[in-house]
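These are the residues of each chain, in order.
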Amino acid sequence: MPVELDSGHTAWLLVSSALVLLMTPGLALFYGGMTKSKGILNMMMMSFSSIGIVSLLWVFYGFSLAFGKTNGFFGDITQYAFMTQDLTGAWSELVPVPTFVFAVFQMMFAIITVALISGVLADRGKFAGWIIYAVLWATIVYFPVANWVWGGGWIFELGAFDFAGGTAVHINAGAAALGLAIILRKRNGWPSGAYKPHNVPTVALGAGLLWFGWFGFNAGSEGAADAIAGVAFLNTQVATAAAIIGWLVVEWLRDGKPTLLGASSGAIAGLVAITPACAFVEPIGAIGLGIVTGAICALAVGLKYKLGFDDSLDVVGVHMVGGLIGALSIGLIATQKFYGEAGPQGLFYGGGAGQLGKQAIAAFAVLAYSLVVSIILGFAIDKTIGMTVTAEAESQGVDQTEHAESAYDFSAPTGGGAFAMAGIAPSGSTPAQSDGESTPVSEKVAG
Amino acid sequence: MKLVTAVIKPYQLDAVKEALHALGVAGLTVSEVQGYGRQKGHTEVYRGAEYTVEFLPKIRVEVLTDEIDVEKVVDAVVTAARTGKIGDGKVWVTTVDDVIRVRTGERGLDAL
């Protein structure tokens, strides 16, 4: 007998889908503010191109690979190919919304997961290489891993839990970024050069949009507008709040001053960590998780200097580390109190160590798989079309060299004024030199 | 004729401008510059990584004046720019051979 559609649940999932989509432009701003002023557009383009590419792949074969009939590792690629079938019927008994709606909700997850990786390419991403990487990584890594975790694949069968994507999204993307950081060219002069964020308010705005969208990500992952969605929503809020505090305490003690960049980063770390656990923990557990994650991630972002890889915007330190903490936390602080017996019971709630073991197997399997494939893809693309631009192009500014576009009008030392009115080319602006080719273009535009 | 050049704290520009205006100075040129003196730069910490900001933003004010008024102009700038804290800047005076008003071609004191 077909499952009857529920309009309330459908409405919530439609809204959640839009919320999760908004996270990717939010991420573009979050990352973009941390680049140099001559690299923000390239950074944001990697997020926007992820929306462009992954949305289509999802319709072509992504949804099939992730949620088609599984062999344990990936779904039947022909099942929903090109979504030509009538998918207006309910997805499942637990998620009584049209399959189309479930598919579009999950599409948004695939988009942001790919976009998350791009932070490792700051100020030097070669756009053509990124496009190829995004297509291949989504196909070879994200779609199958989503199947392992949510599509009935081996992790699902194992009994490891990932409510909204700590493993499938954050560990996955963080490990991919780690792979690229290991093999790709570091930024010019790293680690001694000046890499301070060029616009911290933009970072904070991006963090705010991510936070807002994350309610759809986490509470939407219940697939229904019910009490568990409410638990997930509340936990998302308090874990994130606590992580801001955790991060700032570390900064205050270690660096002497708390920063807005730290508060924004702490919020994201908290959102990442609560993601897998949000439906399974008590609010007090979520708060503890948030504080611990904020503090650990604040320390973890310094590791790249010790280990010598240029994880430019700390995709590893925030997403992989935060994702691991969240995934493992289920083995410790998950409770069946709200979720019921279908959910996990952690060690601290008398559930034994078994769950922790399952969580670790799932987390590290995804980490290893994504890392290895990313290294191979990154290496192959870098040797052919290139994943990063030349050192010279980086110093000129990747916005100019890759996109022939600039984020800000720095046409005079005074940031505009008389020099800009006269159309005089940059003298003191950040892009090292405006060469003979780009100047006439700007004059044409101005004239 | 003299050229008075002052490098001052950005926040003192309004005070300096008012002081010069009160003296009846007819025009001045202002530019944004960066530099350091005894104040040196400062450090900023982003995600635990420390960055030294070596060059601080300053404003350079340039005023052309005749030799009679030069001391008054210098005094006005120095008094208005002073906060008493390190980093207040410097003022120096140079001799100018000639000045030409572009519109009329007037030279020397007439062009001031």
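Reading guide: rules and limits
- Residues numbered from 1 in each chain as written.
- Chains lettered and ligands numbered in written order.
- Predicted model: local features only at pLDDT ≥ 70, side-chain atom pairs only at ≥ 80, totals over all residues.
- Heavy atoms only, no water.
- pLDDT = per-residue confidence, 0-100.
- Core = buried A, V, L, I, M, F, W, Y, C linked by side-chain atoms within 4.5 Å.
- Buried < 20%, exposed > 50% of the residue type's maximum accessible area, 1.4 Å probe, protein only.
- Helix = DSSP H or I, 4+ residues; strand = E, 2+ residues; numbered from the N terminus.
- Contact = heavy atoms within 4.5 Å.
- Axes fitted to C-alpha atoms, helices over the stretch in contact; angles between N-to-C directions.
- Parallel < 35°, antiparallel > 145°, perpendicular 65-115°, else oblique.
- Left-handed = near helix turned anticlockwise from the far one by under 90°.
- Domains from an automatic or database assignment.
- Polar contact = N/O pair within 3.5 Å; in protein donor to acceptor, adjacent residues only side chain to side chain.
- Buried area = accessible area lost by both parts, 1.4 Å probe.
- Salt bridge = Lys/Arg side-chain N within 4 Å of Asp/Glu carboxyl O.
- Nonpolar A, V, L, I, M, F, W, Y, C, P; charged D, E, K, R; others polar.
- Patch = residues over 30% accessible without salt bridge, like charges linked within 9 Å, V, L, I, M, F, W, Y side chains within 5 Å.
- Areas by Shrake-Rupley, 256 points an atom, 1.4 Å probe, with all protein chains shown as cover.
- Pairing = 2+ DSSP bridges.

> Just to check I follow, could you spell out the confidence of the model for chain B for this structure?
Interpreting fine coordinate detail is not advised for predicted regions of low pLDDT. Chain-level pLDDT for chain B is 92 on average; 100% of the residues reach the 70-or-more range. As a predicted assembly, this complex carries a pTM of 0.88 together with an ipTM value of 0.78.

> I tried to follow the nonpolar core on my own but got confused; where do I start?
For soluble globular proteins, nonpolar side chains are generally found buried alongside one another. A:W58, A:Y133 and A:Y142 are the most contacted members of the largest nonpolar core, which has 135 residues in total. With 14 residues, helix 3 (residues 99-117) of chain A is the single largest residue contributor to this core. Contacts of A:Y133, omitting those with residues within four sequence positions, involve A:I117, A:A176, A:L180, A:S374, A:L377, A:G378, A:I381 and A:M387. Ranked by size, the runner-up nonpolar core spans 14 residues in total, among them B:V16, B:V63, B:V73 and B:V74.

> Looking at this structure, how should I read unusual backbone geometry?
Residue and element names in this part refer to chain A. The omega torsion of the bond from W190 to P191 falls at 5 degrees, within 30 degrees of zero and hence cis. Here P191 is to be found in the loop between helix 6 (166-183) and helix 7 (200-220). In this structure, M83 is a non-glycine residue whose phi angle is positive, near 45 degrees. Tracing the backbone through its elements, the reader meets M83 in the loop between helix 2 (40-67) and helix 3. Residue classification places M83 among the buried positions, given a relative accessible area of 15%. Of note, A404 is a non-glycine position whose phi angle comes to about 50 degrees, a positive value. Classification of A404 by relative accessible area gives exposed; the value is 63%.

> Explain the packing of helix 8 (residues 227-255) of chain A against helix 9 (residues 260-274) of chain A here, please?
All names here are of chain A. Two numbers describe how helix 8 lies on helix 9: the axes approach to 7 Å, and their chain directions differ by 135 degrees. Taken together, the axis directions place helix 8 and helix 9 in an arrangement best described as oblique. Crossing hand, helix 8 versus helix 9: right-handed. Counting all contacts with helix 8, which are made through N235, T236, A239, T240, A243, I244, W247, L248 and E251, the residues of helix 9 involved are G262, A263, S265, G266, A267, A269, G270, L271 and I274.

> Can you help me understand the domain arrangement of chain A in this one?
Interface size is often expressed as the accessible area that is lost when the parts come together. Split by domain assignment, chain A resolves into domain 1 (7-384) and domain 2 (409-447). A straight line from the C-alpha centre of domain 1 of chain A to that of domain 2 of chain A covers 39 Å.

> It is not clear to me how the side chain of A:D310 should be interpreted in this structure. Could you clarify?
Residue and element names in this part refer to chain A. Looking at the secondary structure, you find D310 in the loop between helix 11 (303-307) and helix 12 (315-333). According to the relative accessible area criterion, D310 is buried, its value standing at 1%. At 3.4 Å, the side chain of D310 and the side chain of W190 are in polar contact. Not counting residues within four places of it along the chain, the set of residues in contact with D310 comprises V120, R124, A181, K186, R187 and W190.

> Can you help me understand the interface of chain A and chain B in this one?
Counting from both sides, the interface comprises 22 residues of chain A and, opposite them, nine residues of chain B. For the chain A and chain B pair, buried surface summed over both sides reaches about 1,100 Å², with 57% attributable to carbon and sulfur atoms. Between chain A and chain B we count two salt bridges in total. Among the ionic pairs, B:E44 bridges to A:K196, the shortest N-O distance being 3.0 Å. There are four residue pairs in polar contact (both at pLDDT 80 or more) connecting chain A and chain B. The set of elements that each furnish at least two residues to the side of chain A that touches chain B consists of helix 8 and helix 9 of chain A. Among the elements that line the side of chain A that touches chain B, the one with the most residues is helix 8 of chain A, at four residues. For the side of chain A that touches chain B, the residue count by class is 13 nonpolar, four polar and five charged.

> When you look at the packing of helix 4 (residues 127-149) of chain A against helix 14 (residues 354-384) of chain A in this model, what are you seeing that I'm missing?
Working note: a packed helix pair is described by the angle between its axes plus the distance between those axes. All names here are of chain A. With their axes 10 Å apart at the nearest point, helix 4 and helix 14 run at an angle of 160 degrees to one another. Comparing the axis directions of helix 4 and helix 14 gives the class roughly antiparallel. Read as a crossing pair, helix 4 and helix 14 show a hand that is right-handed. Listed contacts from helix 14 to G129, I132, Y133, L136, W137, I140, V141, V145 and W148 of helix 4 are V366, Y369, S370, V373, S374, L377, G378 and I381. In the contact of helix 4 with helix 14, the residues fall into 13 nonpolar, four polar and no charged.

> Would you mind showing me how to read a nonpolar patch on the surface here?
Taken together, the side chains of A:I132, A:L136, A:I140 and A:I385 present a nonpolar region at the surface, about 270 Å² in accessible area. Residue placement: A:I385 occurs in the loop between helix 14 and helix 15 (391-396).

> What's the story with the sheet that holds strand 5 (residues 56-65) of chain B in this structure? I'm lost.
Pairing between sheet strands relies on hydrogen bonds along the backbone, with the strands arranged either parallel or antiparallel. All names here are of chain B. Reading across from one edge, 2-5-1-6 is the order of the four strands in this open sheet, with antiparallel pairing throughout. Every interior strand has two partners, whereas the edge strands, strand 2 (29-35) and strand 6 (89-95), have only one. Adjacent strand axes in the sheet meet at a mean angle of 20 degrees, parallel and antiparallel pairs treated alike. Contacting strand 1 (2-8), strand 5 and strand 6, helix 2 (residues 70-81) runs over the sheet at an angle of about 5 degrees to strand 1.

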